[in-house]
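Structural features, examined
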Amino acid sequence: MNYIGIDLGGTKILGALFDDNGTVIYKNKKKTKAKNGIKAVEEQLFSLIDDLTDKSGKEEIKAIGIGVPGLVDVKTGTVKFAPNIAMNNYPIGDLIRDKYKIDVFVGNDVNVGTLGEWKYSPEGKSSNFIGIFVGTGIGGGIIIDNKLYTGSGGVAGELGHMTIDSNGAICGCGSRGCLEAVASKTGIQAEIKARIKRGEDTDIKESLEKEGILKSGPLRAAYDKGDIVVRETVERAAKYLGVGVANLINIFDPEAVVFGGGVIEELGDIILPIVKEEASRYAMRSIFENVKFEKAQLGDDAGIMGAFVLAQEGVK
Ligand SMILES: [Zn+2]
């Protein structure tokens, strides 16, 4: 019995064929072509699934798991809103199920990534586990009693939109002072820009003005060179992240919290010790003491590995 795991991203669709044990038998990728609209995305997705089912040969495919970057109703397998992949109230689960006659499970990409990191954690399996992914935005997933928690509407786990500073910066979601607004790369960028505007100088001013967006690489380089604006801004973001993590620890009493995403990959060795220190100040000691802080291990494969877990857990 085989499984298919798919990570449907804004620029590429990664797919893999797995055996029962989660070993990758075959892997492929296609361009998403989201700019060409939903029909183009659908064509790319189906041609990838065609290829993966072909490679399975006579071996039956038990289920397909898919992670998508947006709001998903996991109960119906409908993508409610995912502008990066041109999907709006799109019944992706039903469409694939009808075409291939295979069970399909759809999840939000960071929820699915959390499932992957949870299942394949080198520290061993935890029953209660939280994943936080810090990149352009902040997303995550919550595992309670060995199950991904999806909430009543199927969209739980929007960790990036917990309010950290009610007087803080405006967030992309329309609210104010969300964790994402103050601690994501977007939040770091906004703060650095504000300080430049106030007349402060920083090494990354030029690259920020030239590229328009902040890249993690130059940010890291400026940090290492001792750039004051960058140092203070990154440390400020890490402290906010620590406050958010303390809230999560107090509420969920997890065995482990895993941190991933582009910002953590580039700056994790700086950010994570600050997060841990700050979380220890705000979380209840008796709960905090038992929580393991882990760095995500799967990188780009978290999506397909998690999608496999989603599929396998789904048909259990
Ligand atoms: Zn928000």
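Residues numbered from 1 in each chain as written. Predicted model: local features only at pLDDT ≥ 70, side-chain atom pairs only at ≥ 80, totals over all residues. Heavy atoms only, no water.

Here we look at the side chain of Glu42
Here Glu42 is to be found in helix α1 (residues 38–56). Glu42 gets classed as buried once you look at its relative accessible area, which sits at 13%. Residues contacting Glu42, with those up to four places away along its chain left out, are Tyr90 and Leu95. (Helix = DSSP H or I, 4+ residues; strand = E, 2+ residues; numbered from the N terminus. Buried < 20%, exposed > 50% of the residue type's maximum accessible area, 1.4 Å probe, protein only. Contact = heavy atoms within 4.5 Å.)

A look at the coordination of the zinc ion
In the first shell of the zinc ion, the protein supplies His161 (ND1), Cys171 (SG), Cys173 (SG) and Cys178 (SG), at 2.0 to 2.3 Å from the metal. Geometry at the zinc ion is tetrahedral, judged from the 4 donor atoms that bind it and their angles of 105 to 120 degrees at the metal. By relative accessible area, Cys171 is classed as buried at 6%. (Donors = N, O, S within 2.8 Å, 3.2 Å for Na, K, Ca; no water. Tetrahedral: all angles 85-135°; square planar, octahedral: opposite > 155°, others 65-115°.)

Points about the nonpolar core
Counting residues in each nonpolar core, the largest one holds 47 residues, and the members touching the most others are Ile132 and Ile192. With 11 residues, the single largest contributor to this core is helix α8 (residues 228–252). Beyond its immediate stretch of four places on either side in the chain, Ile192 contacts Thr202, Ile204, Leu208, Leu214, Leu219, Val229, Val230 and Thr233. Residues Leu8, Ile13, Val41 and Ile96 belong to the second largest nonpolar core, which totals 28 residues. (Core = buried A, V, L, I, M, F, W, Y, C linked by side-chain atoms within 4.5 Å.)

Topic: the layout of surface pockets
Roughly 400 Å³ of internal volume is contained in the second largest pocket. Taken together, 19 residues form the lining of the second largest pocket, with Phe105, Lys147, Leu310, Glu313 and Gly314 sitting closest to its centre. When contributions to the lining of the second largest pocket are tallied by element, the ones reaching two or more residues are β8 (103–108), α3 (109–119), β11 (147–148) and α11 (302–315). Residue composition of the lining of the second largest pocket, grouped by class: 9 nonpolar, 6 polar and 4 charged. Shared between two domains, the lining of the second largest pocket holds at least three residues of each, these being domain 1 (2–116 + 300–315) and domain 2 (123–296). (1 Å grid on protein atoms, 1.4 Å probe; cavity = no way out; pocket = protein on both sides within 12 Å on 5 of 7 lines; lining within 4 Å. Points joined across faces, edges and corners; volume = space filled by probe spheres on them. Nonpolar A, V, L, I, M, F, W, Y, C, P; charged D, E, K, R; others polar. Domains from an automatic or database assignment.)

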